[in-house]
Every structure is written in C-alpha cells, then in structure tokens.
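One-letter residues, chain by chain:
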Amino acid sequence: MHKKIEDAEQQADWVPVQPGLFTYPVPAGKKPALYANQCQTCSGIYFPKRDICPVCFTNGDLVDKEISGCGTVYTSSIVQIPSPSGIRPPYACGYVDMALENEDESIRLYALFTDPDPVKIACGQTVELVIDEVRRDDHARAVMAHVFRPVDKDQAMRDVFVVGVGMTEFGKPPELSLRDLGRQACRAAIEDAGVKPD
C-alpha cells in the first residue's frame, strides 16, 4: 500500500508536509481540519496523533478528534533567516490556542502564519486554520502544510509596538507577585528597545 501512496505523490503536483495530518484538497463545503486524538484515560489531546498517550502511557485508548476553525495567537515570531527545510524569510511561526468541540477543551498548536506582519499575528489576535503551500520540494511540487491566517485583515493597527527583550531575575523572588515580575520584564523590554518616557 505504501508503494501506491508514493507513486500517487510522485504524480501529484503537491505533497503534504507530513502524511496523516490533514486532508487536502479540502472537500467542498468543509473547513480545513487537522487530525488529532484524545486519551480516554487522562483526557490529554494530541496533535499529531499518537499511538500511545505520552502522559499516562495508555495504549489503544485514544479516540480521533478533528481540529478546525479559528484560534487565538498565544505567541509568534518573525524569522529573518532561511529555514533548514527551505522556507524563505521573512516568515512567521508561533503557537495558537484552538478551542475544540467542547469549549472547555483546547490545544496549543505550533505552525507557520501566512502573514509575517507582527501586528496581524500579535498575541491575542484571531487567526483561522488553512492548508497552504509553505515551499517547493526537489521535484517542484508544492509542499502543503497547516498554517494560520489572520481573520480580519482590516483590523485596526495598534498605536505602539515595543520591540525589545525583557527578563526578570532567575527564579521567582518570594516578595514579588507574578504581576510585579511581569511589570519588571516589560520595563526591561522597553528600556532594551530604547524607548524613553516623556
């Protein structure tokens, strides 16, 4: 059977970045979906799918789930150097929180973004799952992967962007709250960016 799949892929003008992650082309009337699974013992949700739960090591008690629709950017980064896999810069990657059928369940997914504009993929922005070309392989075929696209391209731009690095002392000093540690890191990032208060 693997020989038939390989033969079909050699004749196609596209290949998946990894088999079994999604269906492409997306069937008419359907949204792109990723194939995940959930452990019935510990409720862990995994993408890509697992054969054995990596948390409780249950074997065979995993049920299939589909992940589709929109999510919220958890973090993103703009990459300015070529990737080892051949993706040309600049490109954006990061993590997106995707709600599942039950709104109480979510999964954080790593993927590329379609737009390397930092405003459109800032933390908290809404993005949608799409299947898109990320590069060409050695046979000039499109390599298709799951990526995230900003939902509202006309979204209002933010007034201020601070690009800097901020960090707090290693470990959590017991006298500081998490909010105070966050403020300390923000001040350090603003200082690193060279922004001067008025």
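**Some words on the overall build of the protein**
Link 1 in the chain: Looking only at helices and strands, the protein has two helices and nine strands in total.
Link 2 in the chain: Along the protein, helices (α) and strands (β) appear in the sequence α-β-β-β-β-β-β-β-β-β-α when read from the amino end.
Link 3 in the chain: Expressed as a percentage of its 198 residues, the buried residues of the protein come to 31%.
Link 4 in the chain: In the protein, of all internal contacts separated by at least 6 residues, the share reaching a separation of at least 24 is 49%.
Link 5 in the chain: Summed over its atoms, the accessible surface of the protein is roughly 13300 Å², and 52% of this surface lies on carbon and sulfur atoms.

**Some details on the environment of Gln38**
Link 1 in the chain: Within the secondary structure, Gln38 is located in strand β2 (residues 33–39).
Link 2 in the chain: Taking the C-alpha atoms as reference, Gln38 lies 8.4 Å from Cys53; in sequence the two are 15 residues apart.
Link 3 in the chain: Here the side chain of Gln38 touches Lys65 through a polar contact of 3.4 Å, side chain to side chain.

**Digging into the pattern of salt bridges**
Link 1 in the chain: In this structure the tally under the stated criterion is six salt bridges.
Link 2 in the chain: Lys120 is paired through a salt bridge with Asp115; the nearest N and O atoms lie 3.3 Å apart.
Link 3 in the chain: Between Asp137 and Arg141 there is a salt bridge, with its nearest N and O atoms 2.7 Å apart. There is no split in this pair, since Asp137 and Arg141 are both buried.

**Regarding the packing of aromatic side chains**
Link 1 in the chain: This structure, assessed with the given rule, holds three aromatic pairs.
Link 2 in the chain: Both rings, one in Phe113 and one in Phe148, keep their centres 6.4 Å apart while their planes meet at 50°; by these two values the pair is tilted. In this pair, Phe113 sits in strand β7 (residues 106–113) while Phe148 sits in strand β9 (residues 142–150), placing the two residues 35 residues apart along the sequence. In terms of burial, Phe113 and Phe148 fall into one category: buried.
Link 3 in the chain: Its end group placed over the ring of Tyr74, Arg108 keeps NZ or CZ at 3.4 Å from the ring centre.

**Some details on the pairing of β7**
Remember that side chains alternate between the two faces of the sheet whenever the strand is regular.
Link 1 in the chain: Relative to β7, strand β6 (residues 91–99) runs antiparallel, the two being bridged by eight bridges. Directly across from Gly94, in β7, lies its bridge partner Ala111.
Link 2 in the chain: Relative to β9, β7 runs parallel, the two being bridged by two bridges. Of the residues in β9, the one forming a bridge with Leu112 is Val147.

**Section: the sheet that holds strand β3 (residues 45–46)**
Link 1 in the chain: Strand order across the open sheet formed by three strands is β3-β2-β4, with antiparallel pairing between neighbours. Across the chains shown, the open sheet's two edge strands, defined by having one partner strand only, are β3 and β4 (62–68).
Link 2 in the chain: By the bridge criterion, two bridges tie β2 to β3 in an arrangement that is antiparallel. Counterpart to Gln38 in the pairing with β3 is Ile45.

**Regarding a nonpolar patch on the surface**
Link 1 in the chain: On the surface, Tyr74, Tyr95 and Tyr110 cluster together into a nonpolar patch covering about 330 Å² of accessible area.
Link 2 in the chain: Examined against the element boundaries, Tyr110 turns out to sit in strand β7.
Link 3 in the chain: With relative accessibility at 45%, the residue Tyr110 sits in the partly exposed group.

Criteria and thresholds
- Residues numbered from 1 in each chain as written.
- Predicted model: local features only at pLDDT ≥ 70, side-chain atom pairs only at ≥ 80, totals over all residues.
- Heavy atoms only, no water.
- Helix = DSSP H or I, 4+ residues; strand = E, 2+ residues; numbered from the N terminus.
- Buried < 20%, exposed > 50% of the residue type's maximum accessible area, 1.4 Å probe, protein only.
- Contact = heavy atoms within 4.5 Å.
- Areas by Shrake-Rupley, 256 points an atom, 1.4 Å probe, with all protein chains shown as cover.
- Polar contact = N/O pair within 3.5 Å; in protein donor to acceptor, adjacent residues only side chain to side chain.
- Salt bridge = Lys/Arg side-chain N within 4 Å of Asp/Glu carboxyl O.
- Phe/Tyr/Trp six-rings, centres within 6.5 Å; stacked < 30°, edge-to-face > 60°.
- Lys NZ or Arg CZ within 6 Å of the ring centre and 35° of its normal.
- Pairing = 2+ DSSP bridges.
- Patch = residues over 30% accessible without salt bridge, like charges linked within 9 Å, V, L, I, M, F, W, Y side chains within 5 Å.

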